[in-house]
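Read off the chains here:
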Amino acid sequence: MSQIAIFETVAAMRAAVAGWHAAGDKVGLVPTMGALHEGHVALVREAQRHARRVIVSIFVNPTQFAPHEDFKKYPRTFDDDCAQLVAAGADAVFFPPVEEMYPAGFATRVLLLGPAAVGLDDRFRPTHFEGVATVCCKLFTQSQADFAVFGEKDYQQLKVVTRMAADLDLGIEIVPLATFREPDGLAMSSRNRYLSAEHRALAPLLHQVLQALAARIRNQDPLFQAVSEAQTEIISAGFELDYLEARHAQTLAPVTSLADGPIRLLVAARIGATRLIDNIAV
Ligand code: AMP
């Protein structure tokens, strides 16, 4: 197996990036929490379309998990992740220990408004996005990358990070990439490996319901009724529904009809102990 550079310190990553920049190479960053799948690899390939050098960060970020969430048991598969990244031709992995990212005395969070406060995931995970934004802000400044690629799979996160990068003049471009799906439509996710066979069979229903709902909205069906019937379908199938909503694709503000602007349908639902999210454009 060929090798990939593994940086565990900010200093080591910065030195490598400075060398690449000095050689005139663009540098792309792909932030992840590891347990990589084909969706993550697609982000690496997208980064490679824009830059000669690509760094993938692997960091299960404690500040974005609430105490009752799955931080401790979040899948950690570093060797397999590295094998996938070698195969994809990534240049380096940034794999910092928690103390490198949050040394003793760390006491800062990014305060978010706008797309982070619209009553979607923020309603169910109230401290999640400040943790995401804080770690992304650090990764951006630590890496000095020219751009970072984020998946539309985490649509609200994409909007939050894009807003933050612009608002704080972080000097990094955020490049979005469409959601990678299993053949049956289920959005790929590191958390899919938690699903039992029975729940895995049920999981693609979320995407099917979103697609049918999008078709109804495009056909001018009354939006409120169509959304409410889609919610009922998900609950009847055995999910615990956090939300299924039609929102403005850019601002994430509530919409009442197709006339309100481009619409994004977003869903979060739990099946057993696993929380799944998905979204599509109308
Ligand atoms: P995670 O490791 O789950 O925190 O995700 C790291 C990055 O991969 C984020 O930008 C996600 O949006 C992106 N991502 C995760 N799953 C997918 C997918 N199925 N398709 C595209 N991007 C994804």
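Let us look at the structure shown here. (Residues numbered from 1 in each chain as written. Predicted model: local features only at pLDDT ≥ 70, side-chain atom pairs only at ≥ 80, totals over all residues. Heavy atoms only, no water.)

1. Quick word on the site of the ligand
For step 1, the next point in the chain: Neighbouring the ligand are 17 residues, the closest being Met33, Gly151, Asp154, Phe180 and Met188.
For step 2, the next point in the chain: A distance of 2.9 Å is found between an oxygen atom of the ligand and a backbone nitrogen or oxygen belonging to glycine 151.
For step 3, the next point in the chain: Elements represented by at least two residues in the shell around the ligand include exactly β2 (27-32), α2 (38-50) and β5 (147-151).
For step 4, the next point in the chain: For the shell around the ligand, the element with the most residues is α2, which contributes three residues. (Near = heavy atom within 4 Å. Polar contact = N/O pair within 3.5 Å; in protein donor to acceptor, adjacent residues only side chain to side chain. Helix = DSSP H or I, 4+ residues; strand = E, 2+ residues; numbered from the N terminus.)

2. Looking at the pairing of β2
For step 1, the next point in the chain: Burial analysis of β2 places six of its six residues in the buried class, the great majority of the element.
For step 2, the next point in the chain: What joins β2 to strand β3 (residues 53-58) is α2, and the crossover it makes is right-handed.
For step 3, the next point in the chain: Pairing analysis gives two bridges linking β2 to β5, with the strands arranged parallel. Its bridge partner being in β5, leucine 29 is matched across the sheet by alanine 148. (Buried < 20%, exposed > 50% of the residue type's maximum accessible area, 1.4 Å probe, protein only. Right-handed = clockwise from strand over helix to strand, strands pointing away. Pairing = 2+ DSSP bridges.)

3. What to know about the sheet that holds strand β4 (residues 92-94)
For step 1, the next point in the chain: Within the open sheet, the six strands sit side by side as β1-β4-β3-β2-β5-β6. Their pairing is parallel. Each of the sheet's edge strands pairs with one partner strand only, and the pair in question is β1 (5-7) and β6 (173-177). Neighbour to neighbour, the strand axes of the sheet diverge by 25° on average, direction disregarded. (Axes fitted to C-alpha atoms, helices over the stretch in contact; angles between N-to-C directions.)

4. Things to note about the environment of glycine 89
For step 1, the next point in the chain: Along the polypeptide, glycine 89 turns up in the loop between α3 (78-88) and β4.
For step 2, the next point in the chain: The class for glycine 89 is partly exposed, based on a relative accessible area of 39%.
For step 3, the next point in the chain: In sequence terms glycine 89 and leucine 266 are 177 residues apart; their C-alpha atoms lie 33 Å from each other.

5. Comments concerning α2
For step 1, the next point in the chain: Between its first and last C-alpha atoms α2 spans 19 Å; for 13 residues at 1.5 Å apiece the expected length is 18 Å, and the two agree.
For step 2, the next point in the chain: Of the residues making up α2, those classed as buried are Gly39, His40, Val41, Ala42, Leu43, Val44, Glu46 and Ala47. (Expected span 1.5 Å × (residues − 1).)

6. Description of the side chain of aspartate 122
For step 1, the next point in the chain: One can find aspartate 122 in helix α5 (residues 121-124).
For step 2, the next point in the chain: Within the buried core, aspartate 122 has no salt-bridge partner, and the shortest N-O distance to an opposite charge, that of arginine 247, equals 6.8 Å.
For step 3, the next point in the chain: Only 3.2 Å separates the side chain of aspartate 122 from the backbone nitrogen of valine 118, close enough to count as a polar contact.
For step 4, the next point in the chain: A distance of 2.8 Å separates a polar atom in the side chain of aspartate 122 from a polar atom in the side chain of glutamine 156.
For step 5, the next point in the chain: Those residues in contact with aspartate 122, other than ones at most four positions away along the chain, are Ala116, Ala117, Phe129 and Gln156. (Lys, Arg positive; Asp, Glu negative; His and termini not counted. Salt bridge = Lys/Arg side-chain N within 4 Å of Asp/Glu carboxyl O. Contact = heavy atoms within 4.5 Å.)

7. Quick notes on the side chain of aspartate 81
For step 1, the next point in the chain: Considering the arrangement of structural elements, one finds aspartate 81 in helix α3.
For step 2, the next point in the chain: Summary of buried charges: aspartate 81 has no salt-bridge partner, and the nearest side chain of opposite charge, arginine 193, is 6.1 Å away.
For step 3, the next point in the chain: If near-sequence neighbours (up to four positions away) are discounted, aspartate 81 is found in contact with Gly34, Ala35, Leu36 and Ile58.

8. Describing the packing of aromatic side chains
For step 1, the next point in the chain: Counted according to the given criterion, the structure contains seven aromatic pairs.
For step 2, the next point in the chain: Judged by centre distance (5.4 Å) and plane angle (65°), the ring pair of phenylalanine 65 and phenylalanine 71 falls under edge-to-face.
For step 3, the next point in the chain: Residue phenylalanine 65 is classed as buried on the basis of its relative accessible area of 8%.
For step 4, the next point in the chain: With a centroid separation of 4.9 Å and an interplanar angle of 85°, the aromatic rings of tyrosine 102 and phenylalanine 106 are classed as edge-to-face.
For step 5, the next point in the chain: A relative accessible area of 12% means that tyrosine 102 is categorised as buried.
For step 6, the next point in the chain: Following the ring pairs from residue to residue traces out a cluster consisting of Phe59, Tyr102 and Phe106.
For step 7, the next point in the chain: Lying across the ring of tyrosine 194, lysine 73 places its NZ or CZ 4.1 Å from the centre.
For step 8, the next point in the chain: Over the aromatic face of phenylalanine 71 sits the side chain of arginine 76, whose NZ or CZ is 5.0 Å from the ring centroid. (Phe/Tyr/Trp six-rings, centres within 6.5 Å; stacked < 30°, edge-to-face > 60°. Lys NZ or Arg CZ within 6 Å of the ring centre and 35° of its normal.)

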